[in-house]
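So the chains spell out like this:
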Amino acid sequence: MFAWIRTLVSRTRTWFSPGRADQDFEQEMESHIEMLAEENMRRGMEPEEAKRAARVRLGGITQLKETNRDLRGLPFLETLWQDVRYAFRMLRKNPGFTAVAVLTLALGIGANTAIFSVLYAVLLKPLPYVNSDQLFTVFQALPHEGVTATGMSYANFEDLRQQNRVFLEMAGTQNHQLTLTGRGEPSVVNASIVTSEFFALFEEPPLAGRIFASADGKPGAPAVVILSEGLWRRVFGADRRVVGTSVDLDKRSFTIVGVMPSRFRFPLITESEQVWIPLAQDPLFGSWMTRRGGHWLRIIARLRPGVSQAQVRAEMGALAGRLAKAFPAENTGWVLGTMPLQRMLTGDVKSGLVALLGAVGLVLLIACANIANLVLARATSREREIAVRSTLGAGRVRIARQLLTETAMLSLLGGLAGMVLAFFGVQALDALLPANVPRVNAIQIDYPVLGFALLLCAFAACAVGLLPAFLVAKSDLQASLREGGGRVGESAKGRRARNVFAAAEIGLAVVLLVAAGLVLRSFAKLLSVNPGFAVQHLMKAEVSLPQAQYSAPEQWVAFSDDLLARVKAEPGLHDSALAVPIPLADGYVNLAFDIVGHPLPPSDLSRTADFVSVSPDYFHVMEVPLLAGRLFDDHDRPAARHVTIINRQLARTYFPNEDPVGKRLSFAFPGSTGDPVREIVGIVGDVRDVSLGADPGPMMYVPFAQSPFWGAGIVLRTALSPASVSAAIRREVGKIDKDLPVSDFAPMTDVVDASLGEPRVRTFLLALFAGIALALAATGIFGVISYSVSCRTHEIGIRVALGASPAVILGMVSRETLALTLGGLAAGLAGALAASRLLGHILFGVAAYDPATLVGASLVLGAVSVIAAYVPARRAMRVDPM
């Protein structure tokens, strides 16, 4: 045993010794020179001339011998450093190839990094709160009536907070806008209405002052407010002495007790300026605290450590049963559920972001396949060098490592350039993404995003280099040397690998083209949707009344009548009306209703419809058609008979075989007084008030004078410029009350465009990625066919010499192109059918398996393939047989 080890060590030392290496090298070179000399003599050369020519062909090998001798026996890190230096030298010698490869990889890595930064910030990044994984939202649901998640009343919240055993703390929140006065020009601020436990639940210390105490949440307590840092800096000049002073909100004095740091944002997570006031001090929601009914308060809870989700579900079931037993009128049938706060905040944007990341991932795969083809072509042309390295003792692993080092350098350079592109891409996305995307303010290039980019670099290095390195490392020295200085062919394995890469590019491009085609068609249909009202020359504005000064509904009616009369008196603004809420701009209010004389069977779904309070001229201004009955008029006042107008969808759904005009509905806005029974006096056309992508639902309109609000939404149809209209409204509002700000002024075309913000960005990005994929696929086809033609030049010349016509040569190249294209299309269409199922929920008016899109994408890619192969085909047709 020991003798065998000594022999092995002795042979190893001898093998690594420079003298042995020189001797082996000289012997091998003499053998190859003799072989090449014999080949030259068969071509007609004299013996001496043949040997000289053989030595010239092997003239560059001496340098390789020196390099090989220097590398023998070196430690791994030293050889790796040598590989890196050599890789950089090779990349520097081929600047064109290096530039194309680096830019292509930079495009793929940069785009993926930018999209991932958005997905990470919105979906994966922990919320900026202490132990955010413990935060949950608690909701009520009515499963058998399709109500999946809604808030609850304050009375129910208090019972849950006191009786549950799974949460450390619970808090409630709502939000609306208040008017800030006494600090320069009147302005509207976003107000978060919270219970007194709110800041204790989030465990967030204030920047200055204190948080709310339990005494602040009791009715009759002094009115206090906490400012956000953004508002504190803008309005109060970051003066810490404002703590303890007062500020007027809706004409009521609130004492400033604290300032929250800018990192804390909730529930308005995209707003940098807001205020928080206790629920009991809010003029609107504070009056609702004593009512058991209603589902208006959003609940946030912090889970106790060690409590499982099974325990939470069991506790929620038990508490729902207690509420239903104690208060059956308000809680029968309602269940309690929980959801992680992060999932609640992200809403339904996950599917769109995942689709974008998948699309841009396909772009990177196509880029890698493209570069792999270039690397394979370049490595194949270096077979003579690789073969000599093999002769000098380099094994396949050693050669593969050298080639992988080169591709790793390419990927690293591409990754660095991609980082730069990602930085600018994130800035562009920040400008493109609509403001309603949750956590849009958290999008940035941070450490997890950089880690993702490094993973992409490693993936690109492997995807680009592994197969080329494996194929080229198997080069045969004698075959390579016999081929002489130029290449006359290509190995079958190399040709197959290049074809596979090209077909893969085509297949991946098909998937992206189909996805982009579906989304483009969907967005086109969305743009062509009729919202139910005429958008052109329509503008809107809002005026909110401070309830400390305007506390009675009679005051709201008087103010709206006065304002509307003044606005109509302005030149060019005669077509004006009031509406709360304004469709597509202010969300929607959904109320339950009953049909008088038609009791609802217990097994049926509840009757609900969207509620809108409007002035008599509203339907004329919005150009919503009257289908039956009459519109509102000036006689529909508070003392008159209460009436309503319904839309066509409500009439079809609940009065399918009868005329609804004259029938009576019973419904009321929460907090309103008076008779809830209203007679249907008319039917109007359907309006898409939720979004353009949502089908019109049942709607109920009531006269503003009979159901007024503490503010006025104004809609105007005019040919005047937005600036002049805005100035006129502000002027007339100021004549009534100089402390009332006019907010949210905008043309309705802008409102409609804003409602399409997310699908517009998604469509643009998918179309952009599809265009990049198409360009890369065309480049890949062009490269494969061009290289194939160059490798078969000798063959083509012989065919031409034997009488092959240009048409025959064109057919030969075309068949190769057709085979690549059909193979890629077959795989791509199968992948596209699978991927389109994932897009079904973000499409509008287009089926996931849309035949027109599938055929169109195939035709486009087929045409691009033909165009890409045309230039090399023409070159093949012009080969000179000589």
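Residues numbered from 1 in each chain as written. Predicted model: local features only at pLDDT ≥ 70, side-chain atom pairs only at ≥ 80, totals over all residues. Heavy atoms only, no water.

Asker: Break down the overall build of the protein for me, citing the residues and quoting the values.
Answerer: Helix and strand content of the protein: 27 helices and 23 strands. Counting across all 882 residues of the protein, residues that qualify as buried make up 51%. Counted over contacts in the protein with a minimum sequence separation of 6, partners at least 24 positions apart contribute 80%. Only carbon and sulfur atoms are counted for the fraction: they give 60% of the accessible area of the protein, which is about 39,600 Å². (Helix = DSSP H or I, 4+ residues; strand = E, 2+ residues; numbered from the N terminus. Buried < 20%, exposed > 50% of the residue type's maximum accessible area, 1.4 Å probe, protein only. Contact = heavy atoms within 4.5 Å. Areas by Shrake-Rupley, 256 points an atom, 1.4 Å probe, with all protein chains shown as cover.)

Asker: Hey, could you go over the packing of helix α6 (residues 95-124) against helix α24 (residues 757-791) for me, with residue numbers and the actual values?
Answerer: Two numbers describe a pair of packed helices, the interaxial angle and the distance between the axes. Where α6 contacts α24, the axes come no closer than 12 Å and their chain directions differ by 160°. By the angle class used here, α6 and α24 are roughly antiparallel. In the packing of α6 onto α24, the handedness of the crossing is left-handed. Packed against α6, whose contacting residues are T104, L107, A111 and I115, the element α24 presents L765, F769, I772 and L776 at the interface. Counted by class, the contact of α6 with α24 contains seven nonpolar, one polar and no charged residues. (Axes fitted to C-alpha atoms, helices over the stretch in contact; angles between N-to-C directions. Parallel < 35°, antiparallel > 145°, perpendicular 65-115°, else oblique. Left-handed = near helix turned anticlockwise from the far one by under 90°. Nonpolar A, V, L, I, M, F, W, Y, C, P; charged D, E, K, R; others polar.)

Asker: Would you mind going over the packing of aromatic side chains in detail, with residue names and values included?
Answerer: Counting across every chain of the model gives 30 aromatic pairs. Ring geometry for F611 against F667: centres 6.2 Å apart, planes inclined by 75°, an arrangement best described as edge-to-face. Taken together, the positions of F611 in strand β16 (residues 608-614) and F667 in the loop between β19 (664-666) and β20 (677-684) put the pair 56 residues apart, joining distant regions of the chain. Of the two residues examined, F611 and F667, each falls in the buried class. Among the aromatic residues, those joined into a cluster by ring pairs are Y129, F198, F199, F202, F212, F264, F266 and W276. Directly above the aromatic system of F327 lies the positively charged group of R292, at a separation of 3.5 Å from the ring centroid. (Phe/Tyr/Trp six-rings, centres within 6.5 Å; stacked < 30°, edge-to-face > 60°. Lys NZ or Arg CZ within 6 Å of the ring centre and 35° of its normal.)

Asker: Lay out a positive patch on the surface in plain terms, naming residues and giving numbers.
Answerer: Where like charges cluster on the molecular surface, the positive patch consists of R85, R89, R92 and K93. Mapped onto the elements, R89 comes out in helix α5 (residues 76-93). On the basis of relative accessible area, R89 is assigned to the partly exposed category, the value being 34%. (Patch = residues over 30% accessible without salt bridge, like charges linked within 9 Å, V, L, I, M, F, W, Y side chains within 5 Å. Salt bridge = Lys/Arg side-chain N within 4 Å of Asp/Glu carboxyl O. Lys, Arg positive; Asp, Glu negative; His and termini not counted. Charge placed at Lys NZ, Arg CZ, Asp CG, Glu CD.)

Asker: Provide a residue-level description of the nonpolar core, including the pertinent values.
Answerer: Core analysis: the biggest nonpolar cluster contains 72 residues, and F769 and L861 have the highest contact counts within it. The element that contributes the greatest number of residues to this core is α24, accounting for 15 residues. With near-sequence residues (within four places) excluded, L861 lies in contact with I506, A509, V510, L513, L774, A777 and L825. Y154, L180, I277 and L323 belong to the second-largest nonpolar core, a separate cluster that totals 47 residues. (Core = buried A, V, L, I, M, F, W, Y, C linked by side-chain atoms within 4.5 Å.)

Asker: I'd like a rundown of the packing of helix α19 (residues 553-569) against helix α22 (residues 722-736), residues and numbers included.
Answerer: The contact between α19 and α22 brings their axes to 10 Å, and the two run at 135°. Judged by the inter-axis angle, α19 sits oblique to α22. In this structure, α19 crosses over α22, and the sense of that crossing is right-handed. Counted together, F559, D562, L563 and R566 of α19 and E732, V733, K735 and I736 of α22 form the full contact between these two elements. Residue classes in the contact of α19 with α22 are distributed as four nonpolar, no polar and four charged.

Asker: Before we move on, could you go through helix α27 (residues 851-877) and cite the residues and values that matter?
Answerer: If you check α27, its first and last C-alpha atoms are 37 Å apart, about what 27 residues at 1.5 Å a residue would give, namely 39 Å. At Y870, α27 is deflected by roughly 40°, the largest bend along its length, and proline P872 occurs up to four residues later in sequence. (Expected span 1.5 Å × (residues − 1). Bend = angle between axes of the 7 residues up to and from the residue.)

Asker: Go over the pattern of salt bridges with me, naming the residues and quoting the values.
Answerer: Under the definition given, this model contains 30 salt bridges. Between R263 and E204 there is a salt bridge, with the nearest N and O atoms lying 3.0 Å from each other. Residue R263 is located in the loop between β8 (252-260) and β9 (275-278), and its partner E204 is located in the loop between α8 (198-202) and β5 (208-209); the two are separated by 59 residues in the primary sequence. For D739, the salt bridge is made with K251, and the minimal N-O distance between the two is 3.6 Å. With a gap of 488 residues between them, D739 in the loop between α22 and β23 (742-747) and K251 in the loop between β7 (246-249) and β8 connect regions that are remote in the sequence. Look at K251 and you get partly exposed, because its relative accessible area is 28%. Salt bridges linked by common partners bring K251, D737, K738 and D739 together as one network.

Asker: Describe the side chain of T407, and please don't skip the residues or the numbers.
Answerer: Its location among the elements puts T407 in helix α15 (residues 396-432). Apart from residues no more than four positions distant in its own chain, T407 is found in contact with V375, A461, V464 and G465.

Asker: Summarise the confidence of the model for the protein; cite the residues concerned and give the values.
Answerer: Across the protein, pLDDT averages 83, with 87% of residues at or above 70. Low pLDDT, under 50, characterises residues 1-22; the stretch is placed with nine contacts to residues that sit more than four places away or in other chains. Low confidence marks residues 60-73, where pLDDT is under 50. Its contacts with residues over four positions away, or in another chain, come to 21 contacts. (pLDDT = per-residue confidence, 0-100.)

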